[in-house]
Amino acid sequence: MTAEEEARVIDSESNRSLASQTILIVLAWAVPGLGHFSLGRRGRGFVFLAVCTISLFIGWSLNGNLYRIVPNQPLSILATLGS
């Protein structure tokens, strides 16, 4: 990010009212990447949203079970406890 872009971001942030800043904070917390998107970093915001969404769907497809205890395998117990 160039110095000119940083100055533009700082100027735009100082012109926002407290109510709009509060709304942006809540939306950025609720939707991953929305904070970056609202600051003009659209690529980074989209990538962050995509990574979080893909991770969510992978977790759902695995039913939240990344590691399972395998009978008669003591190392699987350690792997399960470590995760």
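Below you will find a few notes about this structure. This is a predicted model, so every value here is computed, not measured.

## Some remarks on the overall build of the protein
And step 1. Of the regular secondary structure elements, the protein holds five helices and zero strands.
And step 2. Secondary structure elements in the protein, listed N-terminal to C-terminal, are α-α-α-α-α.
And step 3. Expressed as a percentage of the 83 residues in the protein, the buried residues total 5%.
And step 4. Counting only contacts in the protein whose residues sit at least 6 apart along the sequence, the fraction spanning at least 24 positions is 9%.
And step 5. Accessible area for the protein stands at about 6900 Å²; split by element, carbon and sulfur atoms hold 67% of it.

## Some words on the packing of aromatic side chains
And step 1. Scanning all chains against the criterion turns up one aromatic pair.
And step 2. Measuring from ring centre to ring centre gives 5.4 Å for F57 and W60, while their planes differ by 75°; the resulting arrangement is edge-to-face. Placement of both F57 and W60 in helix α4 (residues 42-61) is noted, with a separation of three residues, approximately one turn of the helix.
And step 3. The exposure class of W60 is exposed, given its relative accessible area of 55%.

## Structural notes on unusual backbone geometry
And step 1. At N72, a position not held by glycine, the phi torsion is positive, near 65°.
And step 2. In this fold, N72 is placed in the loop between α4 and α5 (74-82).
And step 3. When its relative accessible area of 76% is taken as the criterion, N72 is described as exposed.

## Structural notes on the environment of R68
And step 1. In this fold, R68 is placed in the loop between α4 and α5.
And step 2. A sequence separation of eleven residues divides R68 from A79, and the C-alpha atoms of the two residues are 8.5 Å apart.
And step 3. Those residues in contact with R68 that sit more than four places away from it in its chain are L62, S76 and T80.

## Concerning a nonpolar patch on the surface
And step 1. A cluster of nonpolar side chains, contributed by F46, V47 and V51, occupies part of the molecular surface with about 300 Å² of accessible area.
And step 2. Turning to its location among the elements, V51 is positioned in helix α4.
And step 3. The partly exposed category is assigned to V51, whose relative accessible area is 47%.

## Some details on α4
And step 1. A rise of 1.5 Å per residue sets the reference length of α4, with its 20 residues, at 28 Å; its end C-alpha atoms lie 28 Å apart and thus fit the reference within 8%.
And step 2. N63 sits one or two positions beyond α4 and adopts a positive phi of about 55°.

## Considerations on the environment of F46
And step 1. Tracing the chain through its elements places F46 in helix α4.
And step 2. The spatial distance from the C-alpha of F46 to the C-alpha of G33 is 6.2 Å, given a sequence separation of 13 residues.

Parameters and conventions
Residues numbered from 1 in each chain as written. Predicted model: local features only at pLDDT ≥ 70, side-chain atom pairs only at ≥ 80, totals over all residues. Heavy atoms only, no water. Helix = DSSP H or I, 4+ residues; strand = E, 2+ residues; numbered from the N terminus. Buried < 20%, exposed > 50% of the residue type's maximum accessible area, 1.4 Å probe, protein only. Contact = heavy atoms within 4.5 Å. Areas by Shrake-Rupley, 256 points an atom, 1.4 Å probe, with all protein chains shown as cover. Phe/Tyr/Trp six-rings, centres within 6.5 Å; stacked < 30°, edge-to-face > 60°. Patch = residues over 30% accessible without salt bridge, like charges linked within 9 Å, V, L, I, M, F, W, Y side chains within 5 Å. Salt bridge = Lys/Arg side-chain N within 4 Å of Asp/Glu carboxyl O. Expected span 1.5 Å × (residues − 1).

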